[in-house]
Structures are given as C-alpha cells and as structure tokens.
Amino acid sequence: MGAGIAQVAARAGFAVIMRDVADEFLVRGVKAIDKSLQRDVDKERLNADEKGAIIARIKTTTDIGALSDAFIVVEAATEDLAIKTEIFRSLDKVTKPDAILASNTSSISITKLGAVTRRPDKTIGMHFMNPVPVMKLVEIIRGAATSDPTYEQVRSLTERLGKIPLDCQDSPGFVSNRVLMPMINEAIFALHEGVATRESIDGIMKLGMNHPMGPLALADFIGLDVCLAIMNVLHDGFGDSKYRPCPLLKRYVDAGWLGKKSGRGFYEY
Ligand code: CAA
C-alpha cells in the first residue's frame, strides 16, 4: 500500500520519498508503481512523458533520516503495534517538529501511536483502501489528541490527492474494518463449516449483493495475515466473542497461505 500511496501523491504533483527497511522492497514498490501507471498509458489516459515525470518525483531510501524535511509522513508498515510505535518514535526524532505523522493503519489505535511521540496533536490516521490508485476513499481517523488544524490539513491534502476523505473517531477497526472484517470472517466460518464452496460463497455475495469481489477473494487480496491482525484488534478492543477470528483463518496464516501475495490463500495464484 505504501507504493500506492507514493504513486497517488507523486501523480498529484508532490515530491515523494519512499522509505523501506531494505532495497528489495523499494525495488518491488517502484515496479508496482510502474505497472500501475502503465495501465493508464495503455489506456491513453497518461502519456509516457507524464508517467516518467511521476516516477521521477519519487525518491527511494532505506534511511529514515532522509525524511527530515517532509511536511507529512504516511506510515504504511506491517499491521503490528510494536513495529508501528517504534517507527513513530523514530519519526518523531528525525522529522521537523511541525511535520504531520499519519498512519495508514487499518485498525490500530491512533491515540496509542500519538502517545509515543511529542506531537500527539499532529498524529492522525489516513487509511487508504486497496488498490490505492483506484479506490476513492481515505478514512481519516482522529486520535484523542489530534488537533483541528491537523485534521483540516489532512482533509485538504486528501482532496488534493484526488481522494474523498470521510472521518471517524479512533475506535477499534474504525468504521471500514469494523463492518468489513466481521463479514469476511463470517464467510470464512461458512467455508469452515462446509455451508458452501468458496465459489458459491463468493458468487452469492457478488451476484446477490453486487460486491465487486466475493469476501474470500477479497480476503486473499487484502492478505490473510492482515485480516487476522484486524480481527484480533477487534476481539481485544471490544472483548466481544462475536469478533473471534475463525480457526480456519488462523490455520491458513500459520501455514503461510497469506493470499495473493504468497501465491495461495482461499484461491491459488
Ligand atoms: N493500479 C491501477 N489501476 C488499477 C489497479 C491497480 N493496482 N487495479 C485495478 N485497476 C483499475 C483497472 O485499470 C480498471 O480501470 P478502468 O475501469 O478505469 O479501465 C479498474 O481498476 C478495474 O480493474 P479491472 O477491470 O482489471 O478489474 P475489476 O473490474 O475486477 O476491478 C478491483 C478490480 C478495482 C480491485 C475491484 O475488484 C474492486 O473494487 N474490488 C474490491 C476492492 C476493495 O474492496 N478494496 C478495499 C479492501 S479493504 C482495504 O483496503 C482496507 C483494509 O484496511 C483492509
């Protein structure tokens, strides 16, 4: 998702620094951006020069210190509280004091991330949807201490990125995943209990509810590890057994069947 966010920001004319922990991830990210923009070149919605200019606006680095001049950082690391808090601590040290620190987290508390920095007022959630270049929504999450000016700046930035900001308070899973993930988890339970085949479950939701993808295909697309992490955040956060992750989801993650990214999930890729 980090590559998708870098792509939309560069396409909107911003200078972008894409930072990751190893070069191989940066190479993979730039390749994904190239492929995504090429779709638009092929459809004559972008010319080759414009595509080149967008890519030229994206610098890559493994050095977090390279973000020292950024006016905003959008963190899009693994959905893990310990990793994200570590990153926010480092960002707080290396960035300008007035820089906004945003997280693309799908469910982790923005209030907790803000609390490890000296700028909880400038910490906010900017939750993009996958695939980032296509999906219009950015869910904007205000932590307990997020200030009105930070919120206003991020809302207007989101619009400059060509996206639609919709805001909510900081609560487990926010709105998007509080509603989406229990549906996906329930579809996995239906498969687990032999209620229907994967094709029937997905077909029923596609044809019957007009969803572009069935819930099992969508889970593969999001990543089964991400789905499990989000279910755990909902389960822990609300303490309600209705959010218990399906054992089949746990088993697939244990097996390393993480969906599209690993070549196998509920479907084979
Ligand atoms: N980059 C750029 N463009 C892309 C793209 C990408 N990675 N993937 C698809 N597209 C474009 C295509 O070029 C095409 O554009 P046009 O119609 O303008 O020509 C359009 O998207 C549709 O693509 P396809 O025809 O190839 O395929 P499709 O019609 O099956 O659509 C899809 C693909 C957009 C992914 C669609 O299946 C869909 O909307 N799926 C649901 C996605 C969804 O629910 N996302 C949210 C997941 S939850 C999340 O992200 C948050 C979280 O916290 C877990």
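Here the structure is a predicted model, which means the values were calculated and not measured.

(A) Representation of the domain arrangement of the protein chain in the model. Examined at the domain level, the protein chain breaks down into domain 1 (2-169) and domain 2 (176-262). Centre-to-centre, using C-alpha coordinates, domain 1 lies 26 Å away from domain 2. With 9 residues of domain 1 at the contact, the number on the domain 2 side is 7 residues. Both sides of the domain 1 and domain 2 interface together cover about 610 Å² of buried area, and 61% of this is carbon and sulfur. Together, Ser106, Ser107 and Asn130 form the three largest contributors to the area buried by domain 1 at its contact with domain 2, with a combined 54%.

(B) Molecular detail of the packing of aromatic side chains. Scanning the entire structure with this criterion turns up 4 aromatic pairs. With 4.9 Å between their ring centres and 25° between their planes, tyrosine 252 and phenylalanine 266 make a pair best called stacked. Placement of tyrosine 252 in helix 11 (residues 247-255) and of phenylalanine 266 in the segment after helix 11 is noted, with a sequence separation of 14 residues between them. A residue is classified by how much of its surface remains accessible, and phenylalanine 266, at 4% relative accessible area, is buried. Three or more aromatic residues joined by ring pairs make a cluster, and in this case those are Tyr252, Trp257 and Phe266. It is arginine 264 that lies over the ring of tryptophan 257; its NZ or CZ is 3.6 Å from the centre.

(C) Expanded view of the environment of alanine 77. Structurally, alanine 77 is set in the loop between strand 3 (72-75) and helix 4 (81-94). What makes alanine 77 partly exposed here is its relative accessible area of 27%. Distance in space between the C-alpha atoms of alanine 77 and phenylalanine 14 is 21 Å, their sequence separation being 63 residues. In contact with alanine 77, not counting residues within four places along its chain, are Ile83, Lys84 and Ile87.

(D) Representation of unusual backbone geometry within the structure. With omega at -5°, the peptide bond leading from asparagine 130 into proline 131 counts as cis. Here proline 131 lies in the loop between strand 5 (123-128) and strand 6 (137-142). For glutamate 44, which is not glycine, the phi torsion reads 60° and is therefore positive. Summarising the element assignment, glutamate 44 is placed in the loop between helix 2 (23-42) and helix 3 (48-56). Under the relative-accessibility criterion, glutamate 44 is labelled exposed at 73%.

(E) How the structure looks around helix 6 (residues 148-160). For helix 6, spanning 13 residues, the distance from its first C-alpha to its last is 18 Å, which sits close to the expected 18 Å at 1.5 Å a residue. Backbone geometry just after helix 6 places glycine 162 at a positive phi near 80°.

(F) Representation of the site of the ligand. Taken together, the neighbourhood of the ligand is formed by 18 residues, with Ser36, Lys43, His127, Asn130 and Asn177 sitting nearest. Within the contact set of the ligand, an oxygen atom lies 3.3 Å away from a side-chain nitrogen or oxygen of arginine 39. In this structure, lysine 43 approaches the ligand through a side-chain N or O atom, which is 2.7 Å from an oxygen atom. Protein coverage of the free-state accessible area of the ligand, which is 1,000 Å², stands at 64%. Mapped onto the shell around the ligand, the elements with two or more residues apiece are helix 2, helix 7 (176-192) and helix 9 (215-222). Of the residues contributing to the shell around the ligand, the split by class is 10 nonpolar, 5 polar and 3 charged. Inspection of the shell around the ligand shows a minimum of three residues originating in each of domain 1 (2-169) and domain 2 (176-262).

(G) Representation of the nonpolar core within the structure. Ranked by size, the top nonpolar core spans 29 residues in total, and within it Met126 and Phe128 carry the most contacts. Mapped by element, the contributors of at least two residues to this core are helix 1 (2-11), strand 1 (16-19), helix 2, strand 4 (100-103), strand 5, strand 6 and helix 6. Ranked by residue count, the leading element in this core is helix 1, at 6 residues. Residues Ile184, Ala187, Leu248 and Leu249 belong to the second largest nonpolar core, which totals 26 residues.

About the cut-offs
- Residues numbered from 1 in each chain as written.
- Predicted model: local features only at pLDDT ≥ 70, side-chain atom pairs only at ≥ 80, totals over all residues.
- Heavy atoms only, no water.
- Domains from an automatic or database assignment.
- Contact = heavy atoms within 4.5 Å.
- Buried area = accessible area lost by both parts, 1.4 Å probe.
- Phe/Tyr/Trp six-rings, centres within 6.5 Å; stacked < 30°, edge-to-face > 60°.
- Helix = DSSP H or I, 4+ residues; strand = E, 2+ residues; numbered from the N terminus.
- Buried < 20%, exposed > 50% of the residue type's maximum accessible area, 1.4 Å probe, protein only.
- Lys NZ or Arg CZ within 6 Å of the ring centre and 35° of its normal.
- Expected span 1.5 Å × (residues − 1).
- Near = heavy atom within 4 Å.
- Polar contact = N/O pair within 3.5 Å; in protein donor to acceptor, adjacent residues only side chain to side chain.
- Areas by Shrake-Rupley, 256 points an atom, 1.4 Å probe, with all protein chains shown as cover.
- Nonpolar A, V, L, I, M, F, W, Y, C, P; charged D, E, K, R; others polar.
- Core = buried A, V, L, I, M, F, W, Y, C linked by side-chain atoms within 4.5 Å.

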